[in-house]
Amino acid sequence: PVSNWITSKIVDYPITPNQISVITFLISVIASLIIVKQGYFFLVLGALLAQLSSILDGCDGEIARLKLLDSKYGGWLDQVLDRYSDLFIITGLTFHIYLLHETLAVFIIGFIAVGGKIILSYTAFVYDSVISKHNNFRIGRDITIFIILIGAIMNIPYITLVILAVITNVEVCRRLWSLKNKIDF
């Protein structure tokens, strides 16, 4: 709903969907750099910017459809930039936590969270085409970025990273299980 409102305000400006995708990506990079900095203020500010990038991420497709500019390349570019955004934001959170705790366990958990998030995105292509059309709820980029925002506001970044590592990988396993007898490549 928020991205629809923003789209309605910018649709008449000469901006392309790909430009929105790139701007959204750059906001994610800035968010990740801010999250790395120490202190509650920077953690929350970075998480708020990450949330803004997640909201704006819906605008590129909406603009593409409204202006009849949708393309396979544009959709693919958006997906690639989203994966980079996820990588930067979760890595930024990992470094933020490492600077607080200085333990190798943080990097291991961060690696598991990043890996889970990327594999989750990889599984979405098949999962969405077979299962998701019957289910309105799915764990995707919106949910993971929102979890980071809530964890930042509650000032529990380490627990947030653990939660991301667990839920992304559990969701990958759930998708694999639910598709076990439903697809045949």
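An account of the accompanying structure is given in this report. (Residues numbered from 1 in each chain as written. Predicted model: local features only at pLDDT ≥ 70, side-chain atom pairs only at ≥ 80, totals over all residues. Heavy atoms only, no water.)

Here's the deal with the overall build of the chain
Across its full length, the chain carries 7 helices and 0 strands. Listed N to C, the secondary structure of the chain is α-α-α-α-α-α-α in terms of helices and strands. Computed over its C-alpha atoms, the radius of gyration of the chain comes to 17 Å, within 12% of the 16 Å expected for a compact globule of 185 residues. With the principal axes as the frame, the chain shows a C-alpha extent of 50 × 45 × 25 Å. Taking all 185 residues of the chain together, the buried fraction comes to 44%. Total accessible area on the chain stands at roughly 10,500 Å², and carbon and sulfur atoms take up 71% of it. When the 14 basic and 13 acidic side-chain charges of the chain are each reduced to a single mean position, those positions are 4 Å apart. (Helix = DSSP H or I, 4+ residues; strand = E, 2+ residues; numbered from the N terminus. Rg over C-alpha atoms; globule rule 2.2 N^0.38 Å. Buried < 20%, exposed > 50% of the residue type's maximum accessible area, 1.4 Å probe, protein only. Areas by Shrake-Rupley, 256 points an atom, 1.4 Å probe, with all protein chains shown as cover. Lys, Arg positive; Asp, Glu negative; His and termini not counted. Charge placed at Lys NZ, Arg CZ, Asp CG, Glu CD.)

Digging into helix H4 (residues 72–101)
Along its 30 residues, H4 runs 43 Å from first to last C-alpha, staying within 8% of the 44 Å computed at 1.5 Å per residue. Looking one or two residues beyond H4, the residue adopting positive phi is Glu102, at roughly 45°. (Expected span 1.5 Å × (residues − 1).)

Description of the packing of aromatic side chains
Under the criterion given, the structure shown has 6 aromatic pairs. Arranged with centres 4.6 Å apart and planes meeting at 40°, the rings of Tyr98 and Phe107 form a pair that is tilted. Here Tyr98 falls in the partly exposed class, since its relative accessible area comes to 28%. Of the residues examined, Phe107 reaches a relative accessible area of 30% and is grouped as partly exposed. (Phe/Tyr/Trp six-rings, centres within 6.5 Å; stacked < 30°, edge-to-face > 60°.)

A look at the environment of Phe25
Mapping Phe25 onto the fold places it in helix H2 (residues 17–36). Here the alpha-carbon distance between Phe25 and Asp57, two residues 32 residues apart in the chain, equals 8.5 Å. Apart from the residues lying within four places of it in its own chain, the contact partners of Phe25 are Leu81, Tyr84, Ser85 and Phe88. (Contact = heavy atoms within 4.5 Å.)

Description of unusual backbone geometry
The phi dihedral of Leu68 is positive, around 55°, even though this residue is not glycine. By secondary structure assignment, the location of Leu68 is in the loop between helix H3 (40–66) and H4. Owing to a relative accessible area of 71%, Leu68 belongs among the exposed residues under this scheme. In the Ramachandran plot, Glu102 falls in the positive-phi region, its phi being about 45° despite a non-glycine side chain. Structurally, Glu102 is set in the loop between H4 and helix H5 (104–130).

A few points about the packing of H2 against H4
It is at 7 Å that the axes of H2 and H4 come closest, and there the two elements cross at 5°. The angle between H2 and H4 falls in the class roughly parallel. Classifying every residue of the contact of H2 with H4 by side-chain character gives 14 nonpolar, 8 polar and 1 charged. (Axes fitted to C-alpha atoms, helices over the stretch in contact; angles between N-to-C directions. Parallel < 35°, antiparallel > 145°, perpendicular 65-115°, else oblique. Nonpolar A, V, L, I, M, F, W, Y, C, P; charged D, E, K, R; others polar.)

Remarks on the side chain of Glu171
Within the secondary structure, Glu171 sits in helix H7 (residues 157–179). A relative accessible area of 6% means that Glu171 is categorised as buried. A polar side-chain atom of Glu171 sits 2.7 Å from a polar atom in the side chain of Arg174. If sequence neighbours within four positions are ignored, Glu171 has contacts with Leu120 and Ile139. (Polar contact = N/O pair within 3.5 Å; in protein donor to acceptor, adjacent residues only side chain to side chain.)

Observations regarding H7
Counted at 1.5 Å a residue, the expected span for H7 with its 23 residues is 33 Å, and the 33 Å between its end C-alpha atoms agrees. Buried within H7 we find Pro157, Thr160, Leu161, Leu164, Ala165, Thr168, Glu171, Val172, Arg175, Ser178 and Leu179. On its buried face, H7 sits against H3, H4, H5 and helix H6 (141–153).

Honestly, that's just the spatial picture; any functional story needs more than this.
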